[in-house]
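# Summary of the model geometry
Residues per chain are reported as follows:
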Amino acid sequence: MTDRIPPKPSSREGRVSLWRYAKLFRRDILSAQPARLYRAWMAEFRTPFFRSYMCNDPALVDLVLKERPDDFPKSDRIREGLAPLLGNSVFVTNGEVWKRQRRIIDPAFEGGRLREVFPAMWDAAVSAVDRLQPLADGRPVEVEGHTSHAAADVIFRTLFSIPIEHEVAGQVFDKFREHQRAQPVLNLGALLPLPHWMPRFHSRRTKQTAREIRGLITGLTADRMAAIGQGTAPNDLATKIMTTTDPQTDERFDTGEMVDQVAIFFLAGHETSASALAWALYLLALYPDWQDRVAEEAQAQIDPDKIYFSVMSRLRLSRDVFREALRLYPPVPMMVRAADCPEHFRGRDVPKGSQIVLSPWHLHRHERLWDDPDAFDPARFQTANGKSCLRNAYIPFSSGQRVCPGAGFAMIEGPLILSMLVRAYRFALVADKPAKPVAHLTVRGRDGIWLSLTPRG
């Protein structure tokens, strides 16, 4: 067993001004936070404009996400930086609008649907293995780009029945990478309580790439609506969502609404899966004994020439490795809610309108909850502590009524692609390119995640 510790951002020291904090936050959400948050049950952060309360107490997390979610809607500040791309998607809406959207979306992700889309996931995993073959000669490879490619392939195959090689799919993928580079994590409207009429000062490139992505998605959506009308549409996720009616209003999504939802499916389903898969590969390179165990399991259980959903119940080591990667590097490190009424948390008054911050990053590494929280140990989920924390302190996909509808989807896709890749290749660290986690929209490598790979014999 290696004595290496998975990389973790350093914490800031001491108090800083609001403007200094904003500068640190823009550079990296995680290193902008003080070290005490890894032990605190709750922390208060005051600004001249609003108050924020980070809640690491599992009882408070349950209160916000499960017991009274309608009293803690998503903060409007969440939408400020994402609005050009996501519009009025399910990720940023609240109240009755959000509930209507989920009533239409959720049936597409029910358990039986996973079995139906599994062949598309399988094909994407096989394609990911094939794309890496020319690079499997021991040279350094930036794997985040390749896991992004694989995750985008899964999205397009399962949503629109087209591979990433499809012309429009490839254009969306390329434009999305441009949008990520153009879009800062901290928009002025996320920091200050601006009136609705005031411009948000998104960059010209941010708005342009968002328009281009939405234009491409509009074309795919309009084509699919036409195919549905002609009775020639494939039975994939897009068709399911676009033909599902709200049981309360008997309405369906129109083209504009569907474009909003596809944008967030692509952002959430592609960006988060790519992050988790890249970190899982890095952790297996850091811990080669675990990598060999996962490879042996995959060799024994997977026949790449056959597609069978039942294999997922036998990829137990891969599942636990992927689950541990999600614990150490949750793709979405923080979630923000707003207190709709005055509250009283752990002896403190929480005024109406306060920002309630829930941090999977800190909760998953909390020193008073997890045994050896910064260590990589996929076996922890078989221990009493691991099982307890899995129930009470593990929220990589959020929890309660706003749990990610694609959570089950991700827990099939991730272990499957991980197993396929490790079955085919041995991944090793690149000595002069260590990974350094930073968080913007998701937790990624500051300079990418670099590994070398060679074929397994």
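Preceding this paragraph is the structure being described.
## A few points about the environment of A125
- Turning to its location among the elements, A125 is positioned in helix 5 (residues 111-132).
- Sequence separation between A125 and G414 is 289 residues; the distance between their C-alpha atoms is 9.6 Å.

## Remarks on the sheet that holds strand 1 (residues 42-46)
- A sheet is described by the order of its strands in space; here 4 strands give the open sequence 1-2-7-4, paired in mixed fashion. Looking at which strands have only one partner, the edges of the open sheet turn out to be strand 1 and strand 4 (335-338). On average, adjacent strands in this sheet sit at an angle of 25° to one another, irrespective of strand direction.
- Across 4 bridges, the pairing between strand 4 and strand 7 (residues 355-358) is antiparallel. Each residue of the ladder has a partner; that of V336, found in strand 7, is V357.

## Notes on the side chain of N385
- On the secondary structure map, N385 appears in helix 15 (residues 384-392).
- Only 3.0 Å separates the side chain of N385 from the backbone nitrogen of D371, close enough to count as a polar contact.

## Quick look at the pairing of strand 2 (residues 51-55)
- Summarising burial for strand 2: 4 of the 5 residues are buried, a large majority.
- The pairing of strand 1 with strand 2 spans 5 bridges and is classified as antiparallel. Note on strand 2: the bridge partner recorded for F45 is S52.
- Pairing of strand 2 with strand 7 involves 3 bridges; the strand directions are parallel. Across the sheet, M54 pairs through a bridge with V357, a residue of strand 7.

The rules behind the values
- Residues numbered from 1 in each chain as written.
- Predicted model: local features only at pLDDT ≥ 70, side-chain atom pairs only at ≥ 80, totals over all residues.
- Heavy atoms only, no water.
- Helix = DSSP H or I, 4+ residues; strand = E, 2+ residues; numbered from the N terminus.
- Pairing = 2+ DSSP bridges.
- Axes fitted to C-alpha atoms, helices over the stretch in contact; angles between N-to-C directions.
- Polar contact = N/O pair within 3.5 Å; in protein donor to acceptor, adjacent residues only side chain to side chain.
- Buried < 20%, exposed > 50% of the residue type's maximum accessible area, 1.4 Å probe, protein only.

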